[in-house]
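This is what each chain is made of:
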Protein chains: 2
Amino acid sequence: MKYYSKEDLNGLPPRFRAHFINSVTGYKSSNLIGTVAENGISNLAIFSSVIHLGSNPPLLGFVLRPRTVTRNSYDNLKRSRVFTVNHVNTEMIEKAHQTSAKYDPDLSEFTEVGLTEEYLNDFKAPFVKESHIKLGCTYQNEYFLEENQCIFIIANIEHIYINESIQSEDGWLNLVEAGTVTASGLDAYALPKILDRFSYAEPGKKPHSIK
Amino acid sequence: MKYYSKEDLNGLPPRFRAHFINSVTGYKSSNLIGTVAENGISNLAIFSSVIHLGSNPPLLGFVLRPRTVTRNSYDNLKRSRVFTVNHVNTEMIEKAHQTSAKYDPDLSEFTEVGLTEEYLNDFKAPFVKESHIKLGCTYQNEYFLEENQCIFIIANIEHIYINESIQSEDGWLNLVEAGTVTASGLDAYALPKILDRFSYAEPGKKPHSIK
């Protein structure tokens, strides 16, 4: 196997290292975060750092870097206390990727990339009409990560919209049927295929397939 | 679309809610974290919360819950300050899943599930021989998430081992060629297929494929 030491990693060209390290931890979620500014202009930005934090209460987390395009999302959600999380699906990967361009704050990425803004049940942040799984979230807390000045946001999942057909009897969502994609590195999008689901693991007992 | 309000979510049976909320944020990474106890007994546990945090310096994060099987991992890595992150691949999903069983701390999950422990370049934590992408990490910091008593660990990526053939010229790793799987919910494993890679997004410019 090829080995990279800490010194090797430090010596890599920055762009090479960014592609490398962004892909080395494995597959990531791919979501569009929708917010709205005080002047009513909506914002949409792609994130690959949204993670599950807990089911009871339903909590998610995501990481954002200050001083980047995502700063608009942060300012908006801090002010309004609400945002949406919308799964990127196969049909919109190019448009979703394009939301990472540094647009002027007077422009809405919805219009610029060609996705449809929708407001549901009086929730104050915009959802992406084209998404098959969408969450309405409220800001809960944030942790400043002193190691690299990132901000780790914690939010409550309070509203969920799904295509009913993708939910199995035990609650699990079949993301393959929803067309949800996964992100790899800075710029790759992939479509998974379920290999298997396994029973709850217990010592001395072989897990069986529950697919 | 089917709508779940906050009240609907609160009223769900706990197991249904766990499957639902664990899958609703999208695909997750799937990694085995290897540690060793003071008495020399190794520990291996599957995690779906490992995320990229930064490339310069190379940092990753992951979430762990106190009072679960993963507590062994935490005690070990806090004491030894080192651990490994090993990609789960298609050939080992059943064994990897089985590491989530609550084994007696006197037993090594490596032996119990049938994966091979290896020590590389004097690094003090055990790697998984069968993994095609493995990282040697050092503990950097932790944040206690008061919302649900989880611990968010931050670590330095200091050693990387990869099959050379999976790295492209720009540094990106082709996780499909590595057989790396993604996790969905509590118990599903999926194998992605790359749809596309896109150029760096700029306003007013259509991204082009760089696959």
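So, how was this worked out
- Residues numbered from 1 in each chain as written.
- Chains lettered and ligands numbered in written order.
- Predicted model: local features only at pLDDT ≥ 70, side-chain atom pairs only at ≥ 80, totals over all residues.
- Core = buried A, V, L, I, M, F, W, Y, C linked by C-beta atoms within 7 Å.
- Buried ≥ 20, exposed ≤ 12 C-beta atoms within 10 Å, placed from the backbone.
- Contact = placed C-beta atoms within 7 Å.
- Helix = DSSP H or I, 4+ residues; strand = E, 2+ residues; numbered from the N terminus.
- Nonpolar A, V, L, I, M, F, W, Y, C, P; charged D, E, K, R; others polar.
- Pairing = 2+ DSSP bridges.
- Least-squares fit on C-alpha atoms with pLDDT ≥ 70 in both.
- Axes fitted to C-alpha atoms, helices over the stretch in contact; angles between N-to-C directions.

*Asks:* An account of the nonpolar core is needed here, citing residue identities and associated values.
*Replies:* Counting residues in hydrophobic clusters, the biggest one holds 116 residues, and the most contacted among them are Leu-60 of chain A together with Leu-60 of chain B. The contacts of Leu-60 of chain A, once residues within four sequence positions are left out, are Val-50, Ile-51, His-52, Leu-53, Val-85, Cys-137, Ala-155 and Ile-157 of chain A together with Thr-25 of chain B.

*Asks:* Would you mind going over the environment of Pro-105 of chain A in detail, with residue names and values included?
*Replies:* Residue and element names in this part refer to chain A. In this fold, Pro-105 is placed in the loop between helix H4 (93-98) and helix H5 (109-113). Taking the number of C-beta atoms within 10 Å as the measure of exposure, Pro-105 has 15 and is therefore partly exposed. Pro-105 sits 64 residues away from Ile-41 along the chain, and the two C-alpha atoms are 8.0 Å apart.

*Asks:* Can you break down the interface of chain B and chain A residue by residue, with the values?
*Replies:* Residue-level contacts link 92 residues of chain B with 92 residues of chain A. Its residues assigned to classes, the side of chain B that touches chain A comprises 48 nonpolar, 29 polar and 15 charged. Pairing of strand S1 (residues 2-4) of chain A with strand S10 (residues 150-162) of chain B, which is carried by three bridges, proceeds in the antiparallel orientation. Each bridged residue has a counterpart across the sheet, and for Tyr-4 of chain A the counterpart in S10 of chain B is Ile-160 of chain B.

*Asks:* A description of the relation of the copies chain B and chain A should follow, citing residues and the corresponding values.
*Replies:* Superposing chain B onto chain A requires a rotation of 180° together with a translation of 0.0 Å along the rotation axis, leaving an RMSD of 0.0 Å. Taken together, the rotation and translation describe the operation of a two-fold axis. Looking at the rotation axis and the C-alpha trace of chain B, the residue lying nearest is Pro-192 of chain B, at 1.8 Å. The overlap is high: 100% of the interface residues of chain B also sit at the interface in chain A, so the same surface is used on both sides.

*Asks:* Describe helix H3 (residues 71-80) of chain B, listing the residues and the values that go with them.
*Replies:* Residues and elements named next belong to chain B. Buried within H3 we find Ser-73, Tyr-74, Asn-76 and Leu-77. In this structure, the buried residues of H3 make contact with strand S2 (31-36), strand S3 (42-47), strand S5 (58-64), strand S6 (82-87) and strand S9 (133-145). Phi turns positive, to about 65°, at Arg-81, one or two residues after H3.

*Asks:* Got a sec to walk through the sheet that holds strand S12 (residues 188-197) of chain A? Specific residues and values, please.
*Replies:* With respect to topology, four strands assemble into an open sheet ordered S11(A)-S12(A)-S12(B)-S11(B), the strand pairing being antiparallel. Two strands in the sheet have a free side with no partner beyond their single neighbour: strand S11 (182-184) of chain A together with strand S11 (182-184) of chain B. Between one strand axis and the next, the sheet turns by 45° as a mean value, whatever way the strands run. Where S11 of chain B lies against strand S12 (residues 188-197) of chain B, three bridges are found, and the strand directions are antiparallel. Paired with Ser-184 of chain B across the two strands is Ala-188 of chain B, which belongs to S12 of chain B.

*Asks:* Residue-level account of the pairing of strand S5 (residues 58-64) of chain A, with values.
*Replies:* All names here are of chain A. With six of seven residues buried, S5 lies mostly within the body of the structure. Pairing of strand S4 (residues 51-55) with S5, which is carried by four bridges, proceeds in the antiparallel orientation. Considered in S5, the bridge of Ser-55 is made with Pro-58. In this antiparallel pair of consecutive strands, S4 and S5, the connection spans two residues. Relative to strand S10 (residues 150-162), S5 is paired through six bridges, and the arrangement is antiparallel. The partner of Phe-62 across the bridge, within S10, is Ile-153.

*Asks:* Describe in detail unusual backbone geometry, supporting the description with residues and values.
*Replies:* Pro-57 of chain A follows Asn-56 of chain A through a cis peptide bond whose omega is 0°. Within the secondary structure layout, Pro-57 of chain A lies in the loop between S4 and S5. Here Arg-81 of chain B, not a glycine, exhibits a phi torsion of approximately 65°, which is positive. Secondary-structure assignment places Arg-81 of chain B in the loop between H3 and S6. The exposure class assigned to Arg-81 of chain B is partly exposed, which follows from the 14 C-beta atoms found within 10 Å.

Scope: geometric values only; no functional claims are made or implied.
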